[in-house]
Amino acid sequence: MAGESDVAAQDLMLIDQYLDACWMEKGLSQNSLAAYRRDLLFFARWVFSKSAVAGLMDVDEDAVLAYLDARGDQFDRRSTARCISALRGFYQYQVRIEALSDDPMSNIELPKLGRTLPKVLTEQDVEALLDAPDIDSPIGMRDRAMLELLYACGLRVTELVTLETHQVNMRQGVVRLIGKGNKERLVPMGEEAMNWIERYVKEARAEFLSSPSSQVLFPSTRGNVMTRQTFWHRIKRYVVEAGIQVSVSPHTLRHAFATHLLNHGADLRVVQLLLGHSDLSTTQIYTYVAQHRLKEIHALHHPRG
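Just so you know, these numbers come straight off a predicted model, no measurement behind them.

About the criteria used
Residues numbered from 1 in each chain as written. Predicted model: local features only at pLDDT ≥ 70, side-chain atom pairs only at ≥ 80, totals over all residues. Heavy atoms only, no water. Salt bridge = Lys/Arg side-chain N within 4 Å of Asp/Glu carboxyl O. Buried < 20%, exposed > 50% of the residue type's maximum accessible area, 1.4 Å probe, protein only. Helix = DSSP H or I, 4+ residues; strand = E, 2+ residues; numbered from the N terminus. Patch = residues over 30% accessible without salt bridge, like charges linked within 9 Å, V, L, I, M, F, W, Y side chains within 5 Å. Areas by Shrake-Rupley, 256 points an atom, 1.4 Å probe, with all protein chains shown as cover. Lys, Arg positive; Asp, Glu negative; His and termini not counted. Charge placed at Lys NZ, Arg CZ, Asp CG, Glu CD. Phe/Tyr/Trp six-rings, centres within 6.5 Å; stacked < 30°, edge-to-face > 60°. pLDDT = per-residue confidence, 0-100. Pairing = 2+ DSSP bridges.

So, the pattern of salt bridges: which residues are in play, and what are the values?
Enumeration over the complete set of coordinates arrives at twelve salt bridges. For the salt bridge of Glu159 with Arg156, the shortest nitrogen-to-oxygen distance reads 2.9 Å. Looking at Arg156, the relative accessible area reads 12%, which means it is buried. Residues Glu198 and Lys202 are paired through a salt bridge, measuring 3.6 Å at the closest nitrogen-oxygen approach. With a gap of four residues between them, Glu198 and Lys202 both fall in helix α8 (residues 191-203), about one helical turn apart. Each of Asp131, Arg144 and Glu148 takes part in a single network of salt bridges with overlapping partners.

Help me get a handle on the environment of Phe42, residues and values and all.
Note that Phe42 resides in helix α2 (residues 30-48). When the C-alpha positions of Phe42 and Cys83 are compared, they lie 9.3 Å apart, and in sequence the two are 41 residues distant.

Hey, could you go over a negative patch on the surface for me, with residue numbers and the actual values?
Among the surface-exposed residues, Glu123, Glu127, Glu191 and Glu192 lie close enough to one another that they form a single negatively charged patch. Secondary-structure elements contributing two or more residues to the negative patch are α5 (123-131) and α8. Tracing the sequence through the fold places Glu123 in helix α5.

Can you tell me about the packing of aromatic side chains, naming the residues and giving the values?
Aromatic ring pairs: the centre-centre distance and the angle between the two ring planes describe each pair. Considering all chains together, one arrives at seven aromatic pairs under this definition. Seen in terms of ring centroids, Tyr18 and Tyr93 are 5.7 Å apart; in terms of plane orientation they differ by 50°. Their pairing is tilted. Here Tyr18, found in helix α1 (residues 9-26), pairs with Tyr93, found in helix α4 (residues 77-96); they are 75 residues apart in sequence, far enough to count as distant. This pair shows no difference in class: Tyr18 is buried, exactly as Tyr93 is. Within the aromatic cluster, the residues linked to one another by ring pairs are Tyr18, Phe90, Tyr91 and Tyr93.

Can you break down the confidence of the model for the protein residue by residue, with the values?
Here the protein shows a mean pLDDT of 83. Residues at 70 or above account for 82%. Mean pLDDT across the elements of the protein bottoms out in helix α13 (residues 285-301) (54) and peaks in α8 (96).

Tell me what's going on with the sheet that holds strand β1 (residues 168-169), and back it up with residues and numbers.
Sheets are built from strands that pair by backbone hydrogen bonding, the pairs being arranged parallel or antiparallel. With antiparallel pairing, three strands are arranged side by side in an open sheet as β1-β2-β3. Bordering the open sheet on either side are β1 and β3 (184-188), each of which pairs with just one other strand. Of the pairings in the sheet, the one linking strand β2 (residues 174-178) to β3 comprises five bridges and is antiparallel in character. Looking across to β3, one finds that Val174 is bridged to Pro188.

Lay out unusual backbone geometry with the relevant residues and their values.
Even without a glycine there, the phi angle at Glu98 is positive, about 65°. Considering the arrangement of structural elements, one finds Glu98 in the loop between α4 and α5.

Laid out in C-alpha cells, this is it:
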C-alpha cells in the first residue's frame with residue numbers, strides 16, 4: 001500500500017474529502033472505498049515524487065498517461081481499469097465542486113476487459129461442501145449453518161459474517177439485508193437453511209458468545225464478528241475435505257446460488273432482486289455461465305458433441 005508519508009498533506013486531504021463524498025452520495029462499501037483510496041494514494045505518491053508536478057490539482061492528461069505508462073505490466077487490466085475509475089471519479093468530483101476547470105481524465109479511456117465468467121460449483125460439489133463440516137463440534141455446526149445460509153440466500157460474505165439475530169425472521173423465513181448503496185432487500189431462506197440455523201442457535205451459538213447480549217449471529221471463537229479472511233480459511237479447509245477440484249472462494253457460493261436458480265428456470269429479474277444488484281446487466285453474467293455449462297454438458301454427453 002502506498003505510504004501516506006510519501007504523499008503531500010494537501011493531496012491526502014483532497015483524497016479523504018472525495019471518499020467522504022463517495023460514501024455519502026453513493027453509499028459505497030468500505031471495501032470499495034479502501035480500494036479507491038489505495039489507488040489514489042499510489043497515484044499521489046507518484047505525483048509527489050515528480051518535481052515537475054506540484055500535486056494532484058496540478059496534474060494534466062500527460063501526467064496521467066505517464067503514470068499509467070510507469071505502471072507498465074505490474075498490474076493486470078482489471079486493476080488498471082479500477083485505477084482509472086478511481087482517478088476519473090476524483091477529478092470529476094473536483095470539476096463538479098469547481099475546484100478545477102479542466103478534467104485531466106476526460107480523454108482517457110478504460111482498457112477493454114474480456115468477459116470473465118465466475119467459477120461455479122456443480123450442485124453435487126455444493127452438496128459435498130455443505131456436508132464437509134463436522135457437526136458434532138460447535139465450530140462445525142456453526143460453519144454448516146453459515147454455508148447453508150450463504151448458498152440458500154446468495155449472500156455477500158460481508159453480509160454473512162456481520163449478520164445479526166434481528167435480521168433473521170424465522171417466522172416469515174426471510175433474511176433482511178442492507179447491501180451496497182444502503183439498499184434493503186428481503187431474501188427467502190428456504191426450509192433447509194432455516195432448520196440448520198435453528199439447530200445451530202439451540203445447540204452451538206452460546207459456545208461462542210462473549211456476552212449474552214451479543215447480536216452477532218455467527219460469532220468467531222473470540223465472540224466477535226468473524227473476519228472475511230477467517231471464513232475464507234474455513235471454506236478452503238472444507239473444499240479440501242470435500243475433494244472439490246474447482247478453485248473456490250466465499251463468493252463462489254453466491255455465484256452457485258444465482259446460476260443454479262437460473263438453471264432451474266428462475267426469472268433473471270428475480271435473481272437480480274435476490275442478489276441485490278442495482279443493474280440487471282450485472283446479473284446477466286450468470287446467463288452466460290448457464291449457457292457455457294450447457295455447452296459443456298452437450299459436448300460431453302451428446303454422441304455428436
